[in-house]
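A structural walkthrough
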Amino acid sequence: EPYRRQRQMCIRDRYKRGNRMVEITSSDILSIEQINKNTKVFAGPGAGKTHFLVENIKNIIAKNDIVVNSQSRKLLCITYTNAAVDEIKKRLDRFTDYADIYTIHGFIIDNIIKPFQDDLKQIIKNDFGIEVNSKGAITSQIEGLGILHGVDREEIFSFIKMELSLPANEPIAYSKKIMGEIEVDNSSFINSLKSKDKPICQICSSSKILEEHVLPIKKYIWSIVKKLTHNEILYFGYRIIEHNPLALYYLRVKYPYVFVDEFQDTNPLQTLLIKKMCQDSSKVWVVGDVAQSIYSFQGAKPSDFSTFKMDDDDLDCYIRGNRRSSSNIVNFCNFIRQKDQTVIQTSTNGSVNNKKIHFLMGKSDNTNTTIASVIKDGGVVLTRTWAAAFDYIIGIDDDQASLLKKIYSSYYNTTISIRDEIVELNNVLWVRAFKFIFNLWDSYKNGSVVDFINALKLYGNVQYQSIDVNSLLLINSLLQKVFCDCESTTTFNVINNFNEEMKSSQYDSLKKILIGEYHEIQIFDELDKEDLTAAISNLNWETSYKLFKEVFAENSKYLTVHQAKGLEWKKIVVGVVPGRNDKTTLTKFYSSPDIMGEAPEKEFARIYYVACSRAIEDLYIHIPSGCERETVEKSLNDFISKTSNSIDYEFIE
């Protein structure tokens, strides 16, 4: 406590002397004066942002009568992911009664969309000419599922014909995917707000959909399905508080203090919503790092954080310390972000070994052995895309890796995340079939009836209470036949083998006991494209088993940089290489690294930065091609000579 008071006095004195950018630490508790200012905190990776947020939230709750003595007023904390929400709630512990922790979409749904349904429907009518008369609340699409999941296409086509008075035999043929992508055009709306023109409220859709069909399809989604896309949640959240003074007043009264974590990842419409909500009333703290802004595909821009301002007397702070990584890793990250002088980090982790940065050049046996050793020793591989990650899976040849890339790429422009499907959702037919057969395999290897039952649960209820000794013998007999030669064939063949075996009358009693009427395990949907089914059918057993049990698994050793954001590991292999859309090469990147700006090559540099900053002690950087050792050496040595940063590194070739 004396240390905290001393830190508060030091910060206050510097602020009074006119230092608009104030250095703080993650352990600082801001003073009463600072609490009542809008505050922006620049904090790099490993700076202890979550610790800083949590401790200051606790301090406000403990000392602020506005919150403690009110049953209706709370602190609001908005963060980027559900995992971050859970972590902050866990750290707040008993203080959670006085704070609401949300993702931005969760916050808007609970506090704006649900309570103000009449306003939502009126805005839908005013902005788009669509009248929603049906009862029941409009809410968010289910995470991981297309907005039209479970809807019969023919129902939508019938609705279109009814709305437009078309003949019943009028031919209409759109996929649910393309119809589900019809949504409010947020980009045009945001641009019109920024240019202070009349708001542009329009719906965008694929050119493959006839213009006259667009509004009827959207009406079906809003009035029958009653779902909003994630982008539409932001749009209608903003429009409601813009048009309803009561909704805005309600939010300002309920939340006198608003904290926004990972602000560099916010969508511009979220920024506008936060500003409108907090203007002239609530105090807002935003915490972020321009060097970690890597979500441009969701509309996020680093400049939205760096230029964020509420009032002329806003307080700007920065945290220099890095509590995560060794000084070599921190200084290498400083090399990447050298064009940004706002945050130059120093390592404050004295307990970590300061090992060399390891540059793995090319695709030699030595390089491959080193990567395999890192993975075996608990390290992870981070790549730009999942397709690139497949090249690092140990024991998978190039042909099989190519099949994985084809499968993954086939879902690239869809609402389906094949990783989420494999890890938890199981809605895609081939994913469910593969997971089923792998659970059976685990049952066979481990002699586990539980694994057998869990496999069958993917297709319905299991009457496991009826399993007797005879059932166990039949299960064992079945699995022996199904898996007798599985490791030398494809997973597709093993599933078909199971289907053939189950046709035998020998297993009639087993089918009746376990699942009642048996239906063949279906692998493909009639809408699956031929090249996708061909790639899936040719995955050998080992490849697909690794995909499900090692790559797309909870404790995977293979991740994309976006998935790894916010996490850390002792050992990391960075296998990040630019793609065609990144408009750069590794040679250009290493020759003059620059994270500042919104061009594709700048975001690539930030992605590289985020990947490297996940490492605690051992950072291995794989440069498979596209850059020579001499380029890296020259650029690093120039940086070292111009700064006080010391970087110890080596090359493995």
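Residues numbered from 1 in each chain as written. Predicted model: local features only at pLDDT ≥ 70, side-chain atom pairs only at ≥ 80, totals over all residues. Heavy atoms only, no water.

1. What to know about the overall build of the protein chain
Across its full length, the protein chain carries 31 helices and 19 strands. Along the three orthogonal principal directions, the C-alpha set of the protein chain runs to about 90 × 70 × 50 Å. For the protein chain, the proportion of its 653 residues judged to be buried stands at 53%. In the protein chain, 75% of the contacts between residues at least 6 apart in sequence involve partners at least 24 apart. In the protein chain, 80 side chains carry a positive charge and 85 a negative one; their mean positions are 6 Å apart. (Helix = DSSP H or I, 4+ residues; strand = E, 2+ residues; numbered from the N terminus. Buried < 20%, exposed > 50% of the residue type's maximum accessible area, 1.4 Å probe, protein only. Contact = heavy atoms within 4.5 Å. Lys, Arg positive; Asp, Glu negative; His and termini not counted. Charge placed at Lys NZ, Arg CZ, Asp CG, Glu CD.)

2. With respect to the packing of aromatic side chains
Evaluation of the coordinates by the stated rule reveals 50 aromatic pairs. Considering the side-chain rings of W441 and W541, the 5.6 Å spacing of their centres and the 80° angle between planes classify their relative orientation as edge-to-face. Of this pair, W441 sits in helix α21 (residues 429–446) while W541 sits in helix α27 (residues 541–551), placing them 100 residues apart in sequence. Taking relative accessible area as the criterion, W441 reaches 9% and is therefore assigned buried. Since its relative accessible area comes to 3%, W541 is described here as buried. (Phe/Tyr/Trp six-rings, centres within 6.5 Å; stacked < 30°, edge-to-face > 60°.)

3. Describing the sheet that holds strand β1 (residues 21–24)
Remark on secondary structure: sheet strands pair via backbone hydrogen bonds, oriented parallel or antiparallel. The strand order β1-β11-β2-β10-β9-β3-β4 describes an open sheet built from seven strands, whose pairing is parallel. In the strand order of this sheet, the two ends are held by β1 and β4 (99–103), each with one partner. In this sheet, adjacent strand axes meet at a mean angle of 20° when their direction is disregarded. The strands touched by helix α5 (residues 82–92) are β3 (75–79) and β4; relative to β4, the strand with the most contacts, the crossing angle is about 165°. Lying on the sheet, helix α14 (residues 268–278) is in contact with β3, β9 (257–260) and β10 (283–288); it crosses β9 at an angle near 165°. (Pairing = 2+ DSSP bridges. Axes fitted to C-alpha atoms, helices over the stretch in contact; angles between N-to-C directions.)

4. Considerations on the environment of Y98
Of note, Y98 is situated in the loop between α5 and β4. Relative accessible area serves as the criterion here: at 31%, Y98 is assigned to the partly exposed category. Taking the C-alpha atoms as reference points, Y98 and I60, 38 residues apart in sequence, are found 10 Å from one another. If near-sequence neighbours (up to four positions away) are discounted, Y98 is found in contact with I61, V67, V68, K74 and L75.

5. Remarks on the packing of helix α7 (residues 117–128) against helix α12 (residues 230–243)
With their axes 10 Å apart at the nearest point, α7 and α12 run at an angle of 100° to one another. The angle between α7 and α12 falls in the class roughly perpendicular. Across the interface between the two elements, D119, L120, I123, I124, D127 and F128 from α7 touch Y235, F236, R239 and I240 from α12. Of the residues that constitute the contact of α7 with α12, the class distribution is seven nonpolar, no polar and three charged. (Parallel < 35°, antiparallel > 145°, perpendicular 65-115°, else oblique. Nonpolar A, V, L, I, M, F, W, Y, C, P; charged D, E, K, R; others polar.)

6. Here we look at the sheet that holds strand β15 (residues 380–383)
Overall, parallel pairing links the six strands, which are arranged β16-β15-β17-β18-β14-β19 in an open sheet. Looking along the sheet, the strands with just one partner apiece sit at the ends: β16 (558–560) and β19 (649–652). Taken pair by pair, the neighbouring strands of this sheet meet at an average axis angle of 25°, ignoring direction. Of the strand pairs in this sheet, strand β14 (residues 357–361) and strand β18 (residues 615–623) are connected by four bridges, and their pairing is parallel. Note on β18: the bridge partner recorded for L360 is H622. The strands that helix α31 (residues 629–642) touches are β14, β18 and β19; relative to β19, the one it contacts most, it runs at about 180°.

7. Quick notes on the pattern of salt bridges
Evaluated as defined, the whole model comprises 35 salt bridges. For D289, the salt bridge goes to R337, with nearest N and O atoms at 2.9 Å. With D289 in the loop between β10 and α15 (302–306) and R337 in the loop between α16 (327–336) and β13 (346–347), the pair connects residues that are 48 residues apart, well separated along the chain. Taking relative accessible area as the criterion, R337 reaches 1% and is therefore assigned buried. Ionic pairing is found between E633 and R629, a salt bridge with its closest N-O pair at 3.7 Å. One end of the pair is E633 and the other is R629, both in helix α31 and four residues apart, which spans about a single turn. On the basis of relative accessible area, R629 is assigned to the partly exposed category, the value being 29%. (Salt bridge = Lys/Arg side-chain N within 4 Å of Asp/Glu carboxyl O.)

8. Here we look at the state of the cysteines
What the rule picks out here adds up to zero disulfides. Free cysteine C612: the closest other cysteine sulfur is in C333, separated by 5.6 Å. Judged by its relative accessible area of 0%, C612 is buried. (Disulfide = S-S within 2.5 Å.)

9. Describing empty space enclosed by the protein
Take a probe with the size of a water molecule and roll it over the atoms, and the empty space left behind shows itself. Within this structure, the stated rule accounts for three cavities of 30 Å³ or more. In this structure, the largest cavity spans a volume of roughly 60 Å³. Where the lining of the largest cavity is concerned, the elements lending two or more residues are α21, α22 (449–457), α24 (491–502) and α25 (508–515). For the lining of the largest cavity, the element with the most residues is α25, which contributes four residues. Residues of the lining of the largest cavity, tallied by class, amount to ten nonpolar, no polar and one charged. Taken as a whole, the second largest cavity spans an internal volume of roughly 50 Å³. Lining the second largest cavity are F390, L404, I407, Y408, I418, W430, L547 and F552. Top contributing element to the lining of the second largest cavity by residue count: helix α19 (residues 398–409), with three residues. By residue class, the composition of the lining of the second largest cavity is eight nonpolar, no polar and no charged. (1 Å grid on protein atoms, 1.4 Å probe; cavity = no way out; pocket = protein on both sides within 12 Å on 5 of 7 lines; lining within 4 Å. Points joined across faces, edges and corners; volume = space filled by probe spheres on them.)

10. Some words on the layout of surface pockets
Here the second largest pocket defines a volume of roughly 1,200 Å³. Around the second largest pocket, the lining is made up of 37 residues, and of these K177, T414, I416, L527 and D528 lie nearest the centre. Elements supplying a minimum of two residues to the lining of the second largest pocket: α8 (153–164), α9 (176–180) and α26 (530–537). Split into classes, the residues belonging to the lining of the second largest pocket amount to eleven nonpolar, 13 polar and 13 charged.

11. A short note on the nonpolar core
Among the nonpolar cores identified, the biggest contains 114 residues, and F107, W222, F236, F332, F359, Y590 and Y608 are the most heavily contacted of them. With eight residues, the single largest contributor to this core is helix α30 (residues 600–612). Dropping the residues within four chain positions of it, Y608 is found in contact with I336, V576, L586, F589, Y590, I621 and I623. F434, I467, F552 and Y620 belong to the second-largest nonpolar core, a separate cluster that totals 66 residues. (Core = buried A, V, L, I, M, F, W, Y, C linked by side-chain atoms within 4.5 Å.)

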